[in-house]
Protein chains: 2
Amino acid sequence: MSNVTAIIITIGDELLIGQTIDTNSAWIAQQLNKQGIDVLRRVAVGDTKEAITNALNEELPKADLLILTGGLGPTSDDITKPLLCDYFGGKLRVDEKVLEHLKEMFTRRKRPILERNMKQAEVPDVCTVLFNDMGTAPGMWFEKDGKIIISLPGVPFEMQHIMTKEALPKLNDYFPGEPIIHRSVFTAGEGESFIAEKLLDIEASLPAYIKLAFLPDSGFVKLRLTGKDTDLIKLTSEIEAKQLEIAERLGNIVIAMEDIPVEQILGRSMKANGKTIGFAESCTGGYIGHYVTQVAGASAYFMGSIVSYDNSIKQNVLGVKQETLATYGAVSEETVIEMAQGALKLLNVDYTLSVSGVLGPDGGTDRVKVGTVWMAVASKNEVRTKEFKFFYDRERNKEMAAKNGMLFLWKFINGKLSA
Amino acid sequence: MSNVTAIIITIGDELLIGQTIDTNSAWIAQQLNKQGIDVLRRVAVGDTKEAITNALNEELPKADLLILTGGLGPTSDDITKPLLCDYFGGKLRVDEKVLEHLKEMFTRRKRPILERNMKQAEVPDVCTVLFNDMGTAPGMWFEKDGKIIISLPGVPFEMQHIMTKEALPKLNDYFPGEPIIHRSVFTAGEGESFIAEKLLDIEASLPAYIKLAFLPDSGFVKLRLTGKDTDLIKLTSEIEAKQLEIAERLGNIVIAMEDIPVEQILGRSMKANGKTIGFAESCTGGYIGHYVTQVAGASAYFMGSIVSYDNSIKQNVLGVKQETLATYGAVSEETVIEMAQGALKLLNVDYTLSVSGVLGPDGGTDRVKVGTVWMAVASKNEVRTKEFKFFYDRERNKEMAAKNGMLFLWKFINGKLSA
């Protein structure tokens, strides 16, 4: 049996003028994929009747399932609901459960409920309501000629909530299709081409139903194997054998056997070792602490940071010597060592990471060029340093500094830095 | 004359399995829009010859310009270049300038240059090369039957660089079309429905060529007026009159007359007042410092932060009293006041913001529910506090805490908090 296919249609002028980055499509695609549904295409269209109707007419023949997001808000630029009602030949009716929920939400937030909010309780009588605990616009499930069309609000957490609680379980009942398996190898330290070259023969040896993709991301390269086959047990065993073969070939550039963020790789090892960490961040401004605290339960091992953006904080809070700053500058091996040692004492943690650099666009000198970032990692007994050079813009340099910093610390803690 | 129209096609399986969030489309759309080019649709397709060819065939008749991103890397899952070469009836040739640049890049990074990297210097002889200073894959400009097709690498900063330096200037010469004007009103403190209700008559009074959109984002609502007309001066004056009318109607919930991030609103006022700021962050883990340092030149006013994630840092570094923590808890008005006062002294700044809360999913109690965040803002002479309640997931609660925190501080510094 071939896989169930889906197309995601996102609705909203804000997508076409670039005011909003579409995070919904990626999230929806991930969820569908896990359930063995292939996303064929994604289409974004504006808030006009014509654009939405054309997209429905063009995409409906191509797939088994359409998922629409956006265009369901209470304002008059949101026209999706009446349009879908007409499209499927229905009439709007008030849904009592949705109405109750609306009234309750407005009461809880002490806001007056307006006529236009009440209208959000109206749904086409030809759909099944997908209840929205988290917001005011309900989701809708339509069936037509054996195809499913799901309409969801565009607010990400509302959309996600309705998908998880309502739409995905219903889809699983409706399309009990064959699963897709993904396995990943997460690498750091080499480029995409170098890795591809090393894996030439393994890639050539893959059967037709297993595909290998290279996904470069902020200096890391993720390798993803995707397999599809009716025989799940055989497929799993084959794909995991290939995953291991790749990892063995790549050796010490492999940092994880799955596609998870670096902060989770770090978090996992910290939860296992029972030690504590803290940072001294300069150019990253707190971004590393942000990443680390994205992991629920980070309070078990992350104590805190000193964000010493200005040199006065490096001196007065972290205790970096005035002479060190004057002689070597803020972006230097000497300064990051003192920052790391200062943080170790002040935060009273087992390991620290310190970061100081010039991210750009300004602030570079002949001696310290834009993109130079010094880092130190320290424990009571040892300090290690590393100079990084990033070649991009401020935002991307910061992203790379944060991720490479967490990786540097993880390697230090786990004895993976070469001597 | 009607506007030039464009369709953005993004290529890559990673978009369809949700491994990558498409930030390119939004950026491209913004740039095209500024040049008066309307984006009609965005389509994302997988790395197969069939999918890419179908997308070209389907979208080319609909618009004047197609912009393709992705599928140009050195690995074998990237098939866009040979496909485009065939599609436009060309042959691959080696571009000497691109080849020189490739060799130079590999030398600078001390990496061996591989056969597959050399292949990146091959381009169809029927295109104009859009040179890529920042990476290995060149952009390509094709013309066919009066339409333009541009192919760009998918790596965001490379794509942006080629667009800015090469493609946009060429487009401006090729399509000197009529401009679109956007004007925004940025509000905080009221919901989309409430605002829409207040603006009913203004919205009804808009001429057909001016549109109003409501864009809710993390507790803020951005209102965007979009106008298109041949008479630029008349249009500008009309749209700005409507912008002012809206702002006057909404009064003190208006925080800016343009659509810029809160960190820039804060940064702009700090650059003007010559004062300094620093933070004491607990639950946000450094995220507020990250935002503030996204603004180039933030070093003029942002000194640093204490990220006191663990209570030991609140006590030992910020000097929060042990009794305060024991009596009122870490998430309390009393604690954030002491955090703000501690940071004021330690960081030696004019203003501080402190934040302590429970973002979830765990850590809530009967007294302090998940989503509760206390904040304090302080100067030498004054402290103000505010309790926030966020109702979402960990990530979104953190986002809202960071943005609302910056706004709270901005209001405090600019005398906009009600007495």
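To start, this report covers the structure provided alongside it. All values derive from a computational prediction rather than experimental measurement.

A word on the pairing of strand β7 (residues 139-144) of chain A. All names here are of chain A. Across three bridges, the pairing between strand β6 (residues 128-130) and β7 is antiparallel. If you follow threonine 128 over to β7, its bridge partner there is tryptophan 141. Bridge count between β7 and strand β8 (residues 147-152): five bridges; the pairing is antiparallel. Following the sheet pairing, lysine 144 is matched in β8 by lysine 147.

The parts lose accessible area when they come together, and the size of an interface is often stated as this lost area. Contacts between the two partners involve 75 residues from chain A, matched on the other side by 75 residues from chain B. Pairing between strand β14 (residues 302-307) of chain A and strand β14 (residues 302-307) of chain B: three bridges, direction antiparallel. The residue bridging serine 305 of chain A from the neighbouring strand is valine 307 of chain B, located in β14 of chain B.

Soluble, globular proteins show a tendency: their nonpolar side chains are buried together. Ala340, Ala343 and Leu409 of chain A together with Ala340, Ala343 and Leu409 of chain B are the most contacted members of the largest nonpolar core, which totals 146 residues. With sequence-adjacent residues up to four places away left out, alanine 340 of chain B is seen in contact with Ala280, Thr352, Leu353, Ser354, Ala376, Val377, Ala378 and Val383 of chain B. Residues Leu65, Leu66 and Leu68 of chain A together with Ala29 of chain B belong to the second largest nonpolar core, which totals 88 residues.

Okay, the sheet that holds strand β10 (residues 210-217) of chain A next. Residues and elements named next belong to chain A. Spatially, four strands are ordered β10-β11-β9-β12 in an open sheet, and the strand pairing comes out antiparallel. Each having just a single partner strand, β10 and β12 (254-256) make up the two edges of the open sheet. Averaged over all pairs of adjacent strands, the angle between their axes in this sheet comes to 30°, without regard to strand direction.

Residues and elements named next belong to chain B. Its 19 residues place the ends of helix α10 (residues 232-250) 27 Å apart at the C-alpha level, agreeing with the 27 Å of an ideal helix rising 1.5 Å per residue. Here α10 has its buried residues at Leu235, Ile239, Lys242 and Ile246. For α10, the arc enclosing every buried residue in end-on projection is 60°, short of the 170-degree limit, so these residues lie on one face. Residues Ile233, Lys234, Ser237, Ala241 and Glu248 are exposed on α10 and point more than 90 degrees away from its buried face. Residues of α10 that are buried make contact with β9 (180-188), α9 (200-204), β10 (210-217) and β11 (220-228). At the exit of α10 stands glycine 251, carrying a positive phi of roughly 60°.

In this section: the sheet that holds strand β2 (residues 37-45) of chain A. With mixed pairing, the 12 strands of this open sheet are ordered in space as β6(A)-β7(A)-β8(A)-β3(A)-β1(A)-β2(A)-β2(B)-β1(B)-β3(B)-β8(B)-β7(B)-β6(B). Here the strands that pair on one side only, and so sit at the sheet edges, are β6 of chain A together with β6 (128-130) of chain B. Each neighbouring strand pair of the sheet contributes to a mean axis angle of 20°, computed without reference to strand direction. Where helix α2 (residues 24-34) of chain A meets the sheet, its contacts fall on β1 (4-11), β2 and β3 (65-69) of chain A, and the angle it forms with β1 of chain A comes to roughly 165°.

What counts, and where the lines are drawn
Residues numbered from 1 in each chain as written. Chains lettered and ligands numbered in written order. Predicted model: local features only at pLDDT ≥ 70, side-chain atom pairs only at ≥ 80, totals over all residues. Pairing = 2+ DSSP bridges. Helix = DSSP H or I, 4+ residues; strand = E, 2+ residues; numbered from the N terminus. Contact = placed C-beta atoms within 7 Å. Core = buried A, V, L, I, M, F, W, Y, C linked by C-beta atoms within 7 Å. Buried ≥ 20, exposed ≤ 12 C-beta atoms within 10 Å, placed from the backbone. Axes fitted to C-alpha atoms, helices over the stretch in contact; angles between N-to-C directions. Expected span 1.5 Å × (residues − 1). Arc of directions from axis to C-beta.

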